[in-house]
Amino acid sequence: MIDDNAQKLVPAVQNAMIIMRLLAASGRPLGATQIAREAGLNVSSAFNILRTLSHEGLLSFDPEAKTYRIGMGLMEFTAPLLGANPADLIRPTLTAIAQDHQVAIALWQIAANERITLIDRFTAPNIVQAVMARSSRLPAFAGAIGRVYAAARNLNKTQTREGFDSVRWQNAPDFETYWSDVHAARDSGTAQDRGNLFRGLDIVAALSRDASDVPRLGMSSITITGQQTEESLERVGIALAEAALKIERGVFGRPLGA
């Protein structure tokens, strides 16, 4: 796995991205002092970054109000993505997770009828893996995806039980354990299925919601039991949860912190 701490990152670029994300999430113009405070930067550094971003057209500066907002220059970078297939935008991120963690990743489309469909797969080279056919369909409550799905929809216990009972489990978990996993997923954004949906497979999952808070895409790591340690499964879950948040913002336009 790639260690971010081992890479040489440029602080000024990181700070610029913090400012851009802050302004994008705020949805309104902000002054330099407020931006610096909310971004955790000193005013001098924030001002220099804001002036540079404004010069490049990525931010727009109002000289009367002395505020900044996202600028039209950003369209230069986003235009090639408009109308693109979401799977094409997601592929590099999920491929990197598969390779960094030595797993197979399944991408699922979540339908309004509480079914999920396998639409793409991403795998690390030279690993033994379980293969599911594209277009495979499962109940939305199945496996690790099901736990994060119930969590994302904020379903009550009765609703979750109905969904749980719709799944054909090879080794069904106790419902109270499943329900506990749903509660945990509300905080972590990820869940695990250890040989319940399919015997001999460890599944870790997260999902992405759209701007209307509707679950749209699920992503799950599927590995043969014993290939990963407890710690490595946790790390995969964290990576998937982080990817899910990026997809929510970048593909579905879900506001930061929603």
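Nothing here was measured: the structure is a model prediction, and the numbers come from that model.

**Points about the overall build of the protein**
Each helix and strand counted, the protein has nine helices and nine strands in total. Looking at the protein as a whole, 41% of its 258 residues qualify as buried. Look at the contacts in the protein between residues 6 or more apart in sequence, and 56% of them connect residues 24 or more apart. Accessible surface computed for the protein: about 14,000 Å², of which carbon and sulfur atoms make up 51%.

**Looking at the confidence of the model for the protein**
Should the pLDDT be low somewhere, the predicted coordinates at that spot are not to be read in detail. Of all residues in the protein, 93% have pLDDT values of 70 or greater, and the mean over the chain is 90. Averaged over each element, pLDDT in the protein is lowest for helix α4 (residues 75–78) (71) and highest for strand β7 (residues 191–194) (98).

**Regarding the pairing of strand β2 (residues 59–62)**
When β2 meets strand β3 (residues 67–70), the two strands line up antiparallel, connected through four bridges. Following the sheet pairing, F61 is matched in β3 by Y68. Linking β2 back to β3 in an antiparallel pair, the connection comprises four residues, with K66 at a positive phi of about 55°.

**Some remarks on the environment of T95**
For T95, the location among the structural elements is in helix α5 (residues 86–101). In sequence terms T95 and G163 are 68 residues apart; their C-alpha atoms lie 30 Å from each other.

**Quick look at the pairing of strand β8 (residues 201–209)**
Side-chain positions along a regular strand alternate between the two faces of the sheet. Here β8 lies mainly inside the structure; eight of its nine residues are buried. Looking at chain direction, β7 and β8 are connected through four bridges and run antiparallel. Counted as the bridge partner of D193 is I203 from β8. With antiparallel pairing between neighbouring strands as the criterion, β7 and β8 make up a hairpin whose turn holds six residues, including G195 at a positive phi of roughly 75°. Bridging between β8 and strand β9 (residues 215–224) involves nine bridges; their strand directions are antiparallel. Its bridge partner being in β9, I203 is matched across the sheet by I222. The antiparallel pairing of β8 with β9 creates a hairpin that spans five residues between the two strands, and D213 there sits at a positive phi of about 75°.

Thresholds, definitions, all that
- Residues numbered from 1 in each chain as written.
- Predicted model: local features only at pLDDT ≥ 70, side-chain atom pairs only at ≥ 80, totals over all residues.
- Heavy atoms only, no water.
- Helix = DSSP H or I, 4+ residues; strand = E, 2+ residues; numbered from the N terminus.
- Buried < 20%, exposed > 50% of the residue type's maximum accessible area, 1.4 Å probe, protein only.
- Contact = heavy atoms within 4.5 Å.
- Areas by Shrake-Rupley, 256 points an atom, 1.4 Å probe, with all protein chains shown as cover.
- pLDDT = per-residue confidence, 0-100.
- Pairing = 2+ DSSP bridges.

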